[in-house]
Amino acid sequence: MKRELLNKIYYVGVNDRQKTLFENMLPLPYGVSYNAYFIDDEKTVLVDTVEQPFAEQLLAQVQELLAGRQLDYLIVNHMEPDHSSGIKTLQAIYPNMQIIANAKTIDMLGGYYGIKDGFHVVKDGDSLNIGSRTLQFHFAPMVHWPEVMVTYSVEDKLLFSADAFGCFGTLDGAVLDTELNLDKYYTEMVRYYACIVGKYGAPVQTALKKLGGLDIKMICSTHGPVWTDHISEVIGIYDRLSKYETEPGVVIAYGSMYGYTEEMAEMVARGAASVTKNVVLHDVSRSDHSYILADIFRYKGFICGAPTYCGELYPNAATLLAKIKTRGVKNHEFGCFGSFTWANATAKPFEVFAEAMKWEMAGYVEVKQAMTAEQAEALYELGRAVALKTINN
Ligand code: FEO
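Reading the values: the criteria
Every chain begins its residue count from 1, and numbering advances along the sequence as written. The predicted origin of the model limits local features to residues at a pLDDT of at least 70 and limits the giving and counting of side-chain atom pairs to 80 or more, whereas totals for whole chains, interfaces and linings rest on all residues. The side-chain numbers reported here are obtained from all heavy atoms of the structure, hydrogens and water having been left aside. Strands here are runs of E lasting at least two residues and helices are runs of H or I lasting at least four, both read from the DSSP assignment and numbered beginning at the N terminus. Contacts are assigned to residue pairs with any non-hydrogen atoms lying within 4.5 Å of each other. The cut-offs for exposure are 20% and 50% of the maximum accessible area for each residue type, with area from a 1.4 Å probe on protein chains only; residues under the lower value are buried, those over the upper are exposed, and the others partly exposed. A pair of strands counts as paired when DSSP detects no fewer than two bridges linking them. Orient the strands so they point away from the viewer; a crossover is then right-handed if the path from the first strand over the helix to the second runs clockwise. Only the contacting stretch of a helix is used when fitting its axis, a line to C-alpha atoms as for every element, and angles between N-to-C directions run 0 to 180 degrees. Within 6.5 Å between ring centres, the rings of Phe, Tyr and Trp (the latter by its six-membered ring) count as paired, and their orientation is classed by plane angle as stacked under 30 degrees, edge-to-face over 60, tilted in between. Comment: the charge-over-ring label is applied if NZ (Lys) or CZ (Arg) is within 6 Å of the ring centre and within 35 degrees of the ring normal. We define a salt bridge as a side-chain nitrogen of Lys or Arg found within 4 Å of a carboxyl oxygen belonging to Asp or Glu. By the criterion applied in these results, polar contacts are pairs of N or O atoms within 3.5 Å in which, for protein atoms, one can donate a hydrogen and the other can accept it, and in which residues neighboring in sequence qualify only through two side-chain atoms.

K.L.:
Explain the side chain of His223 here, please?
P.N.:
Turning to its location among the elements, His223 is positioned in the loop between β16 (218-220) and α7 (231-242). Apart from residues no more than four positions distant in its own chain, His223 is found in contact with Phe22, Val32, Ser33, Tyr34, Asn35, Asp82, His83, Asp163, Phe165, Gly166, Cys167 and Tyr192.

Here it is as structure tokens:
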């Protein structure tokens, strides 16, 4: 059954309810959608494809809409294989379709799929008339791959935005934001951004400024709902996250082998909770790091605690710190605590991390074996101090 969004523009995407780990790393408790769109004009146009296992589902929808006509154009806004690996299937059926792509995309199409011709090459700002409407192509490099572009349908005021403004979560029976309960999508948009786009705050800001002059009534992303009534909210989410703007609150991430460091974390949490309700405790060996990263992108305070392990920082905590560093997270209030049995190796890694992040360290508490009453008090004060800084700074 056809799903028309407006003026003969149709949703032809699919839901993936089978994949458990996106990019073989990130849990998908609500699945994910790969969105593609069909424009029925004097020329017929498909905007992006889907991951290869779902190509037949895409093809069935496209064939229904074409009703025997040829597919004139395929626009490739983004080359990551969750959107491009269906191209070969499509090209086998429609060998004469022109692939609208930029130079970087063409290079990747050759490298991934051996596609060497049949291109309609576009430059940044180019337009293409397809009958009753004009499509404009705007490059958005490093949001979050170098070849990314977005396509704007001028007459429809509609932006095909590639991954931008996308989120995890299947589209359960509907596609428009006005038809869906959006709670999970907003939460999953932050996790998607933090993990996948998070490193690229500056390019996202550049793209937002570049697209700021467009009159946009509908955003068609490659993942998640089609945005209409909630456009200002999702642009606001991207704007805040890409500026590393946060709310007052504290994320406490700890590693613990036998519960002693966890007890320290509990004291830190009590101190933080004496200041704010926004306190989130994560065990670095139990919480998937994508959820910890999402909370770190949300809250201004971050306190990490870990034991010494093989003469180094507990590995799961070290891995989390590396993931934060990769994303260049800015503007956080930081504290830390470490534990050991015979030789402490936690102070230095935390210090190095804080220096690399250019975060001021509010305090560090170390405990040999089990904490004393005085150390419990110091941990409480550490949590309280960081929480206060998230409110006052
Ligand atoms: Fe959904 Fe960057 O691919």
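K.L.:
Would you mind showing me how to read the pairing of strand β21 (residues 333-340) here?
P.N.:
Each regular strand shows side chains that alternate between the opposite faces of the sheet. In terms of burial, β21 is a largely internal element, eight of the eight residues being buried. Here β21 shows two buried faces, one formed by Glu333, Gly335, Phe337 and Ser339 and the other by Phe334, Cys336, Gly338 and Phe340. Relative to β21, strand β19 (residues 299-309) runs parallel, the two sharing seven bridges. Paired with Pro307 across the bridge in β21 is Ser339. Pairing of β21 with strand β22 (residues 361-368), which is carried by six bridges, proceeds in the parallel orientation. Residue pairing in the sheet places Gly338 in a bridge with Glu366 of β22. The β-α-β motif built from β21, the intervening helix α11 (residues 347-357) and the parallel element β22 has right-handed crossover chirality.

K.L.:
I'm lost on the sheet that holds strand β13 (residues 134-139) in this one. Help?
P.N.:
Backbone-to-backbone hydrogen bonds pair the strands of a sheet. The strands run either parallel or antiparallel. Read across the open sheet, the five strands follow the order β12-β13-β14-β15-β16; overall the sheet is mixed. Two strands close off the open sheet at either side, each with one partner strand: β12 (127-129) and β16. Recorded for the sheet is a direction-independent mean angle of 20 degrees between the axes of neighbouring strands. Of the strand pairs in this sheet, β12 and β13 are connected by three bridges, and their pairing is antiparallel. Bridge pairing links Ser127 to Gln136 in β13.

K.L.:
I tried to follow the sheet that holds strand β11 (residues 119-121) on my own but got confused; where do I start?
P.N.:
With respect to topology, seven strands assemble into an open sheet ordered β1-β2-β7-β8-β9-β10-β11, the strand pairing being mixed. The open sheet has two edge strands, β1 (4-6) and β11, and neither has a second partner. Averaged over all pairs of adjacent strands, the angle between strand axes in this sheet comes to 25 degrees, irrespective of strand direction. Where strand β7 (residues 37-40) meets strand β8 (residues 44-47), four bridges bridge the pair, whose relative direction is antiparallel. Paired with Phe38 across the bridge in β8 is Leu46. Along the sheet, helix α1 (residues 55-66) makes contact with β2 (9-11), β7 and β8, crossing β7 at roughly 10 degrees.

K.L.:
What is the right way to look at the packing of aromatic side chains in this model?
P.N.:
In this description, a pair of aromatic rings is defined by centroid distance and the angle of the planes. In total, this model carries 20 aromatic pairs according to the counting rule given. Taking the centre distance of 5.5 Å and the plane angle of 50 degrees together, the rings of Tyr37 and Phe160 count as tilted. Of this pair, Tyr37 sits in strand β7 while Phe160 is found in strand β15 (residues 158-160), placing the two residues 123 residues apart along the sequence. You'll find Tyr37 and Phe160 in the same group, each marked buried. When the ring of Phe334 is compared with that of Phe353, the centres are 5.4 Å apart and the planes differ by 65 degrees; the resulting orientation is edge-to-face. Of this pair, Phe334 sits in strand β21 while Phe353 sits in helix α11, and the two are 19 residues apart along the sequence. Phe353 matches Phe334 in its accessibility class, with the two residues each being buried. Every member of this aromatic cluster is reached through a ring pair, and the members are Phe302, Phe334, Phe350, Phe353, Trp359 and Tyr364. Taking NZ or CZ as reference, Arg191 lies 4.3 Å from the ring centre of Tyr291, over its face.

K.L.:
In this structure, what is going on with the pattern of salt bridges? I would like to understand it.
P.N.:
Two side chains of opposite charge can pair, provided their charged atoms sit close to one another. Per the stated rule, a full pass over the model turns up 17 salt bridges. Two residues, Arg17 and Asp172, come together in a salt bridge whose shortest N-O distance is 3.1 Å. In this pair, Arg17 sits in the loop between β3 (14-16) and β4 (21-22) while Asp172 sits in the loop between β15 and α5 (183-197), placing the two residues 155 residues apart along the sequence. A residue is classified by how much of its surface remains accessible, and Arg17, at 52% relative accessible area, is exposed. Note on Asp172: relative accessible area 42%, which makes it partly exposed. Note that Glu333 is salt-bridged to Lys389, the shortest N-O span being 3.9 Å. With a gap of 56 residues between them, Glu333 in strand β21 and Lys389 in helix α12 (residues 373-392) connect regions that are remote in the sequence. The class for Glu333 is buried, based on a relative accessible area of 9%. On the basis of relative accessible area, Lys389 is assigned to the partly exposed category, the value being 22%.

K.L.:
Would you explain helix α4 (residues 103-113) in this entry?
P.N.:
What sets the pattern is the α-helix's 3.6 residues per turn: residues three or four places apart point alike. Buried residues of α4: Thr105, Ile106, Met108, Leu109, Gly110 and Tyr113, and no others. Those residues of α4 hidden inside the fold are in contact with α2 (81-84), α3 (87-93), β10 (98-101) and β11. Two to three positions downstream of the cap, the backbone nitrogen of Lys104 sits 3.0 Å from a side-chain oxygen, assigning the N-cap of α4 to Asn102. The first or second residue beyond α4 is Gly114, which carries a positive phi of 70 degrees.

K.L.:
Hey, could you run me through unusual backbone geometry in this one?
P.N.:
Glycine aside, residues mostly have negative phi angles, and peptide bonds mostly take the trans form. With an omega of 5 degrees, the peptide bond between Val143 and His144 qualifies as cis. Inspection of the secondary structure assignment puts His144 in the loop between β13 and β14 (149-153). Positive phi, close to 55 degrees, is recorded for Tyr244, a residue that is not glycine. With respect to the helices, strands and loops of the structure, Tyr244 is situated in the loop between α7 and β17 (247-254). With relative accessibility at 7%, the residue Tyr244 sits in the buried group.

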